[in-house]
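Remarks on the overall topology
One-letter residues, chain by chain:
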Amino acid sequence: MVMSLEAKYEEFWRQSIKQLNEVVKATGLPIAPDEKGQYSLWYDVRELRLRFSISVERIKKFFDGLREGKVYATRCRRCGRYYFPPQADCPYCKTSDMDWVEISGEGELLTYTVINTKPLTYSHYPDYIVAIARMREGFNVLAWLRADDPKKVRVGMRVKLKVVKREPEGYLTYEFVPAEQ
């Protein structure tokens, strides 16, 4: 029988709470090593489940673009500022006079970090890279960077922003890949 992702989370939490209770009894503190045993982590005994829904009607074109394999930003017609993620209103001009602009996808890596101590909801992923790149259009984008070898990633390298389907969730998002790929 295949366990759903939600069932895996529940089982993970049951085991974690059991282990945490043993650690608290032994040490008096809710501190235990992470799954790789490299770092000490504080485990809060309170559970915080957060699910939310927000209206995206005024920026729906962004999500329609993902379905088409395109990534859009918005640009204020009055001041020319770009916004990514897209915004329906310019916070600088206080106007709703915005254009939709398809991003070229070409950028230069400004900074990055390899994530190997992950939040629970990302624990099913192998270690991943989160990066910020300056896009050709002049604004920065924060996204995952998909690279075969993290040791080959370097500040200043050319990257391309692509639409991908993130598994196992099956939803469309965007991430960077090295431009050489």
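The sections below set out a description of the structure shown in this document.

About the criteria used
- Residue indices follow the written sequence of each chain, beginning from 1 at its first position.
- Where totals are concerned, whole chains, interfaces and linings use all residues; where local detail is concerned, this predicted model gives features only for residues with pLDDT of at least 70, and gives and counts side-chain atom pairs only at 80 or more.
- In computing side-chain properties, one takes all heavy atoms of the structure into account and sets aside hydrogens as well as water.
- The secondary structure listing takes helices from DSSP runs of H or I that are at least 4 residues long and strands from runs of E that are at least 2 residues long, numbered from the N terminus.
- When accessible area is computed with a 1.4 Å probe and restricted to protein chains, residues below 20% of their type maximum are described as buried, those above 50% as exposed, and intermediate ones as partly exposed.
- Any two residues having at least one pair of non-hydrogen atoms within 4.5 Å are treated as being in contact.
- Take the buried Ala, Val, Leu, Ile, Met, Phe, Trp, Tyr and Cys residues and link them wherever side-chain atoms come within 4.5 Å; each set so joined is a nonpolar core.

With respect to the helices and strands, Val163 occurs in strand E9 (residues 158-166). On the basis of relative accessible area, Val163 is assigned to the partly exposed category, the value being 22%. Linking Val163 and Val71, residues 92 residues apart in sequence, is a C-alpha distance of 7.2 Å. Residues in contact with Val163, not counting those within four places in the same chain, are Leu66, Gly69, Lys70, Val71, Leu172, Thr173 and Tyr174.

Generally speaking, soluble globular proteins have nonpolar side chains that are buried together. Counting residues in hydrophobic clusters, the biggest one holds 21 residues, and the most contacted among them are Phe84, Val141, Tyr174 and Phe176. Breaking this core down by element, the ones donating at least two residues are helix H2 (60-67), strand E7 (128-135), strand E8 (140-145), E9 and strand E10 (171-178). When residues no more than four places from it in sequence are discounted, the contact partners of Phe176 are Ala131, Ala133, Met135, Val141, Ala143, Trp144, Leu145, Arg146, Val159, Lys160 and Leu161. Tyr83, Cys90, Cys93 and Met98 belong to the second-largest nonpolar core, a separate cluster that totals five residues.

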